[in-house]
Amino acid sequence: MLNKKVEKALNKQINYEFYSAHLYLSMASYFKSNDLDGFGHWMQVQYEEEIFHAMKIIDFVHTRDGRVKLLAIEQPPHQWDSSLHVFKDTYDHEVVVTGLINDLVTLSIKENDHATQNFLQWYIAEQVEEEANVKSIKSKLKLAAESTVTLLMLDQEMAKRVFVPPQD
Ligand code: OFO
């Protein structure tokens, strides 16, 4: 049986994961409308990952005999000044997500909910990876700021990303 306070917090996190998916789909559209299809593709894979993150929590809530209550998803931004601006926002967003996951772990410890605390360890590890990946792309974009050729080469690299459902 899922603790009610933890259930409510998990529902909020489900909403935030869906918001993350919305945000990254919006970024994918920004890139595609600027003919950077490789970056657009990368963001679309990121969107798929976020849906996976949300669904994983949904499955967990159901397994614990809890109730999923879907909430309205906030409208994401649509416009950015540059590719670097998009990845700065992406990095900042992932840092916020890391903070939310940490808060959830703190709550589950406080509520003596070891099953949820154990479940959330997967997200702790995932956030370390997400922050590192995005930071690396952000740094490359900083270097490419003066060079269209480098930007187009990076775009080709970004097109190679494939969605592989993360392992449990
Ligand atoms: Fe991009 O992170 Fe979800 O959790």
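Up top is the structure.
Residues numbered from 1 in each chain as written. Predicted model: local features only at pLDDT ≥ 70, side-chain atom pairs only at ≥ 80, totals over all residues. Heavy atoms only, no water.

(A) The arrangement of the packing of aromatic side chains in detail. Scanning the model with the defined rule gives 11 aromatic pairs in all. Measuring from ring centre to ring centre gives 5.1 Å for Phe31 and Phe39, while their planes differ by 25°; the resulting arrangement is stacked. Phe39 carries the same exposure label as Phe31, and that label is buried. Ring centres of Phe31 and Phe87 lie 6.2 Å apart, and the angle between their planes is 40°; this geometry places the pair in the tilted category. With Phe31 in helix α1 (residues 4-33) and Phe87 in helix α3 (residues 83-110), this pair connects stretches of sequence that are 56 residues apart. Classification of Phe87 as buried rests on a relative accessible area of 0%. Among the aromatic side chains, those forming a connected cluster through ring pairs are Tyr30, Phe31, Phe39, Trp42, Trp80 and Phe87. The residue whose ring lies beneath Lys138 is Tyr91, and the NZ or CZ to ring-centre distance is 4.6 Å. Taking NZ or CZ as reference, Arg161 lies 4.2 Å from the ring centre of Trp42, over its face. (Phe/Tyr/Trp six-rings, centres within 6.5 Å; stacked < 30°, edge-to-face > 60°. Buried < 20%, exposed > 50% of the residue type's maximum accessible area, 1.4 Å probe, protein only. Helix = DSSP H or I, 4+ residues; strand = E, 2+ residues; numbered from the N terminus. Lys NZ or Arg CZ within 6 Å of the ring centre and 35° of its normal.)

(B) How the structure looks around the pattern of salt bridges. Taken as a whole and assessed by the stated rule, the structure comprises 5 salt bridges. Its salt-bridge partner being Arg161, residue Glu49 comes within 3.4 Å of it at the nearest N-O pair. Taken together, the residues span a long stretch of sequence, with Glu49 in helix α2 (residues 37-63) and Arg161 in the segment after α5 (148-158) at a distance of 112 residues. Relative accessible area serves as the criterion here: at 11%, Glu49 is assigned to the buried category. Overall, the relative accessible area of 18% leaves Arg161 in the buried class. The residue Arg64 makes a salt bridge to Asp113 at a minimum N-O spacing of 3.4 Å. One end of the pair, Arg64, is in the loop between α2 and α3; the other, Asp113, is in the loop between α3 and α4 (114-143), and 49 residues separate them in sequence. Exposure class is identical for Arg64 and Asp113. Each is buried. (Salt bridge = Lys/Arg side-chain N within 4 Å of Asp/Glu carboxyl O.)

(C) The arrangement of the nonpolar core in detail. If you look at the biggest cluster of nonpolar residues, it comprises 22 residues, and the most contacted ones within it are Phe31, Phe39, Met43, Val86 and Phe87. Contributions of two or more residues to this core are made by α1, α2, α3, α4 and α5. The greatest single-element share of this core, amounting to 7 residues, is contributed by α1. Leave out the neighbours within four places in its chain, and Phe87 touches Phe31, Phe39, Trp42, Met43, Val134, Ile137, Lys138, Leu141 and Met158. One finds Ile57, Val97, Leu120 and Tyr123 within the second-largest nonpolar core, a separate group that totals 21 residues. (Core = buried A, V, L, I, M, F, W, Y, C linked by side-chain atoms within 4.5 Å. Contact = heavy atoms within 4.5 Å.)

(D) Looking closely at the environment of Leu10. With respect to the secondary-structure elements, Leu10 resides in helix α1. Overall, Leu10 belongs to the buried group, its relative accessible area being 0%. With 106 residues separating them along the chain, Leu10 and Thr116 place their C-alpha atoms 9.4 Å apart. Filtering out sequence-adjacent residues up to four positions away, Leu10 remains in contact with Leu2, Ile57, Phe60, Val61, Leu104 and Thr116.

(E) Expanded view of the packing of α2 against α3. Running from amino to carboxyl end, α2 crosses α3 at an angle of 15°, the nearest separation of the two axes being 13 Å. The angle between the axes of α2 and α3 places the two elements in the roughly parallel class. With respect to the hand of their crossing, α2 and α3 are arranged in left-handed fashion. Counted together, Phe39, Trp42, Met43, Gln46 and Glu50 of α2 and Val86, Phe87, Thr90 and Glu94 of α3 form the full contact between these two elements. Across the contact of α2 with α3, the residue classes tally to 5 nonpolar, 2 polar and 2 charged. (Axes fitted to C-alpha atoms, helices over the stretch in contact; angles between N-to-C directions. Parallel < 35°, antiparallel > 145°, perpendicular 65-115°, else oblique. Left-handed = near helix turned anticlockwise from the far one by under 90°. Nonpolar A, V, L, I, M, F, W, Y, C, P; charged D, E, K, R; others polar.)

On their own, these measurements won't tell you what the molecule is for.
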